[in-house]
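Coordinates in review
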Amino acid sequence: SVAAPPRRGALIVIEGCDRTGKTTQAMKLVEYLNGSDRKAIFMRFPDRTTPIGCLIDSYLSRGVNLEDQVIHLLFSANRWESHPKIISTLKSGASVIIDRYAFSGVAFSAAKESLGLQWCKGSDAGLPKPDVVLFLDLPLEQAATRGEYGSERYEELKFQQRVYKNYMALRDDTWKMIDASKSIEEVQRSMEAEVERVMKESKFGPLPGLWW
Ligand code: ADP
Ligand code: FDM
C-alpha cells in the first residue's frame with residue numbers, strides 16, 4: 001500500500017524592527033524543533049546570496065541607489081525566487097522558520113513618502129500566508145542600544161517609528177506579540193510556547209495566499 005503523505009510543515013515568520021532579536025530567536029527555534037524530532041529549516045529575507053540579493057545588499061550598504069519602487073520590487077522578487085523551496089519544504093513535512101517576510105517588505109517600503117501601503121502589498125500577494133507571525137516587540141530606543149546601530153540604510157529612529165506604525169496596520173489574528181525586552185532565554189520560552197500552540201491547533205490544510 002502507498003504511505004499517506006506527511007502532514008505539511010508549519011510556516012512560522014518572525015518579524016520586528018531592527019535589533020529586536022529576530023535572528024537570535026529564529027536560530028534557537030530551529031534548534032528547538034530539530035532537537036525534538038520535528039524537522040525545521042531556517043530562512044531569512046533578504047537572502048543576500050542570490051544575484052537579486054547581492055543587489056539588495058549593495059543598496060542597503062549604500063553602494064548603489066535605486067528608485068523606491070525598484071528596491072521594493074527587488075525585495076519582493078527575492079521572496080518569490082524562494083517560493084518553490086518554501087512550498088516543497090512544507091510539503092515534505094518540515095517546518096520553515098523565516099527571519100523577516102513580506103510584512104518587512106511592506107512596513108519598510110511604505111515608511112517612505114513615495115509608496116502607499118496598498119501598492120506595496122501587491123507584489124507579495126499570493127505568497128504562502130504564515131501559520132503564525134511572531135512579532136518581537138521592543139521600544140525602539142531600547143533596540144537602538146543593542147549592537148551597532150546606524151550603519152545601514154533605514155537604521156534611523158524616525159524611520160523605524162514609521163516602520164513600527166506600518167507593522168501595526170498589517171496585524172491580523174495570526175500575529176502574536178512577543179515582549180522582546182526580556183532575556184534571550186525568556187523570549188525563547190514564549191516563542192516555543194506559541195509554536196507548540198500553533199502546531200497543536202492548526203489544521204494544516206492547504207496554504208492560503210497572503211493578502212488574497
Ligand atoms: P535582529 O535579527 O532582530 O536584528 P539579533 O538577533 O541580530 O536581532 O540581535 C541584535 C543584538 O541584540 C545582538 O547583539 C544580540 O546578541 C542582542 N540580543 C538579542 N536578543 C536579546 C535580548 N533578549 N536581550 C538582550 N540582547 C539581545
Ligand atoms: N527590508 C527587509 C526591507 O526593506 N524590505 C524587505 O522586504 C525586507 C525583507 O532590509 F532594514 C529591510 C529591513 C532591514 C534591511 O534586514 C535588512 P536584516 O534583517 O538586517 O538583514
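This write-up is about the structure you can find in this document. (Residues numbered from 1 in each chain as written. Chains lettered and ligands numbered in written order. Predicted model: local features only at pLDDT ≥ 70, side-chain atom pairs only at ≥ 80, totals over all residues. Heavy atoms only, no water.)

Attention now goes to the packing of helix H5 (residues 102-109) against helix H8 (residues 157-170). Following both chains from N to C, one finds H5 and H8 inclined at 130°, their axes separated by 8 Å at the closest point. Classified by the angle between their axes, H5 and H8 sit oblique to one another. Remark: the crossing between H5 and H8 carries right-handed chirality. The residues of H8 that touch H5, namely those facing Phe 103, Ser 104, Val 106, Ala 107 and Phe 108, are Phe 159, Gln 160, Val 163, Asn 166, Tyr 167 and Leu 170. When grouped by side-chain class, the residues that make up the contact of H5 with H8 number eight nonpolar, three polar and no charged. (Axes fitted to C-alpha atoms, helices over the stretch in contact; angles between N-to-C directions. Helix = DSSP H or I, 4+ residues; strand = E, 2+ residues; numbered from the N terminus. Parallel < 35°, antiparallel > 145°, perpendicular 65-115°, else oblique. Left-handed = near helix turned anticlockwise from the far one by under 90°. Contact = heavy atoms within 4.5 Å. Nonpolar A, V, L, I, M, F, W, Y, C, P; charged D, E, K, R; others polar.)

Turning next to the packing of helix H1 (residues 22-35) against helix H9 (residues 184-201). Here H1 crosses H9 at 55°, and the two axes come no closer than 10 Å. Between H1 and H9, the interaxial angle falls into the category oblique. The interaxial crossing formed by H1 with H9 has right-handed handedness. Along its contact with H1, which presents Thr 24, Gln 25, Lys 28, Leu 29, Tyr 32 and Leu 33, the element H9 presents Ile 184, Val 187, Gln 188, Met 191, Glu 192, Val 195, Glu 196 and Met 199. Here the residues of the contact of H1 with H9 sort into eight nonpolar, three polar and three charged.

Counted according to the given criterion, the structure contains 13 salt bridges. For Asp 124, the salt bridge identified is with Arg 79, shortest N-O distance 2.8 Å. Of the two residues, Asp 124 sits in the loop between helix H6 (117-122) and strand E4 (132-137) while Arg 79 sits in helix H3 (residues 68-80), which places them 45 residues apart along the sequence. Considered together, Asp 124 and Arg 79 belong to a single accessibility category, that of buried residues. Residue Glu 201 pairs with Arg 197 through a salt bridge whose shortest N-O separation is 3.1 Å. (Salt bridge = Lys/Arg side-chain N within 4 Å of Asp/Glu carboxyl O. Buried < 20%, exposed > 50% of the residue type's maximum accessible area, 1.4 Å probe, protein only.)

Looking now at the sheet that holds strand E1 (residues 11-16). Judged by pairing direction, the sheet is parallel, and its five strands sit side by side in the order E2-E3-E1-E4-E5 without closing on themselves. Two strands lie at the open edges of the sheet, namely strand E2 (40-44) and strand E5 (175-179), each paired on one side alone. In this sheet, neighbouring strand axes are inclined to one another by 20° on average, regardless of whether the strands run parallel or antiparallel. As paired strands, E2 and strand E3 (residues 95-99) are joined by five bridges and run parallel to one another. In the sheet register, Ala 40 faces E3, and the bridge partner there is Ser 95. Lying on the sheet, H9 is in contact with E1, E3, E4 and E5; it crosses E5 at an angle near 160°. (Pairing = 2+ DSSP bridges.)

As a further point, take the environment of Gln 118. Among the secondary structure elements, Gln 118 is positioned in helix H6. Given a relative accessible area of 60%, Gln 118 falls into the exposed group. As a C-alpha pair, Gln 118 and Val 106 span 12 residues in sequence and 8.7 Å in three-dimensional space.

Right, let's get into the site of ligand 2. In the vicinity of ligand 2 there are 13 residues, among which Arg 48, Phe 75, Arg 79, Arg 100 and Gly 105 approach most closely. Within the side chain of Arg 79, a nitrogen or oxygen atom sits 2.8 Å from an oxygen atom of ligand 2. Arg 100 places a polar side-chain atom, nitrogen or oxygen, 2.7 Å from an oxygen atom of ligand 2. The element best represented in the shell around ligand 2 is H5, accounting for three residues. (Near = heavy atom within 4 Å. Polar contact = N/O pair within 3.5 Å; in protein donor to acceptor, adjacent residues only side chain to side chain.)

Our focus in this paragraph is the site of ligand 1. As a structural note, the neighbourhood of ligand 1 is formed by Arg 19, Thr 20, Gly 21, Lys 22, Thr 23, Thr 24, Arg 146, Lys 182, Ser 183 and Ile 184. Take Arg 19: an N or O atom from its main chain is 3.0 Å from an oxygen atom of ligand 1. Measuring from a nitrogen atom of ligand 1, one finds a backbone N or O atom of Ile 184 at 3.4 Å. Within the complex, 68% of the 560 Å² of free accessible area of ligand 1 lies under protein. (Areas by Shrake-Rupley, 256 points an atom, 1.4 Å probe, with all protein chains shown as cover.)

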